[in-house]
Amino acid sequence: MGFRTVIIKNRAKLELRLNSLIIRGEQERKIYIGEINTLIVQSTAVSLTASLLSELIKNNIKVIFCDEKHNPQAELLPYYGAHNTSKRYKEQIAWDYATKARVWKAIIKRKIEGQAEHLEDCGFLNQAELIRSYIEEVQDNDCTNREGHAAKVYFNCILGMGNSRKSGGFFNGCLNYGYAVLLSAFNREVVSAGYLTQLGIWHDNEFNQFNLSCDLMEPFRVVVDRAAMTIEEGDKEFKRKMANVLNYTALVADKNTTLDLAIRQFTRSVFNALQMQDESLIIFPQKITPNEL
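As a starting point, this report considers the structure included with it. (Residues numbered from 1 in each chain as written. Predicted model: local features only at pLDDT ≥ 70, side-chain atom pairs only at ≥ 80, totals over all residues. Heavy atoms only, no water.)

Notes on the sheet that holds strand E5 (residues 36–41)
Taken together, the four strands give an open sheet; going across it, the order is E1-E5-E7-E8, and neighbouring strands pair in mixed fashion. Each edge of the open sheet is held by one strand with a lone partner, namely strand E1 (4–8) and strand E8 (72–76). Ignoring strand direction, the axes of neighbouring strands in this sheet form an average angle of 20 degrees. Contacts between helix H6 (residues 170–192) and the sheet are confined to E5, strand E7 (62–66) and E8, with E7 contributing the most and set at about 145 degrees to the helix. (Pairing = 2+ DSSP bridges. Helix = DSSP H or I, 4+ residues; strand = E, 2+ residues; numbered from the N terminus. Axes fitted to C-alpha atoms, helices over the stretch in contact; angles between N-to-C directions. Contact = heavy atoms within 4.5 Å.)

Let's talk about the sheet that holds strand E4 (residues 28–32)
Reading across the sheet, the four strands line up as E4-E3-E2-E6 and stay open at both edges, with mixed pairing between neighbours. The open sheet has two edge strands, E4 and strand E6 (46–48), and neither has a second partner. With strand direction ignored, the average angle separating the axes of adjacent strands in the sheet is 20 degrees. The sheet contact formed by strand E2 (residues 12–17) and E6 spans three bridges and is parallel. Following the sheet pairing, Lys 13 is matched in E6 by Ser 47. Across the sheet, helix H1 (residues 50–58) touches E2, strand E3 (20–24) and E6, and the angle it forms with E2 is around 65 degrees.

Considerations on the environment of Ala 94
Within the fold, Ala 94 resides in the loop between helix H2 (85–93) and helix H3 (97–121). Judged by relative accessible area, Ala 94 falls into the exposed class, the value being 60%. In the structure, Ala 94 is positioned 180 residues away from Leu 274 in sequence and 9.8 Å away in space, judged by C-alpha atoms. (Buried < 20%, exposed > 50% of the residue type's maximum accessible area, 1.4 Å probe, protein only.)

Here you go:
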């Protein structure tokens, strides 16, 4: 599996040559396909060959396309990510409701715990203690909406009273970009495992093509929040820094790996938990730490 996140910012032509991505711009650069994990096309003045797109798909490489404002707009996903997708679809449709409710409970408890740890690190000790008290109150399917109560306290702290996720601004822009990159990572893992991104565990919006991925990414959103808070207002490199979260070091089962690989292990463990009807099989990262750019 690749380890590079390649970002194309300026006018260029991308093509395939001898198992390598060729970037033809002011200068020509070559990157071996096997080294690439994610390709982000930020400029609309970029052209790509069909042979390159086909090879990227075969190698399970995330490809994210941005609009004229350089915000993520679409991504490239294969129709069939596994050899037994028909079987996976049937399994997904048959997932037991009670098991899904318990899995969602586990996901929300971990999400709130991560938010509490972040608030503690930021000095909001009382608020951290408050939302940590919500963890034991989370019920199956989070029917009492502890996630929503925790989110209100959490974002009042990191955004400031009177601001919201819909209020715009540079910081919210960083969050939106980082969440989009994170979502694309989960989309890739869901599809490569043979499942449908549309059929979620808890999310069930008919207009959301990525309900399942939105479910799975919830405990990892705080990684994006932490990264965004390290970026100074107006930093022109914020997109590169936000995309770098996938390269962070994650501790899983007492072993260091990248966040991108930890996402794969976590996603597969959730599917296993749903299939075996045992939420204790879910493998969450123990710790996630940033790397130097």
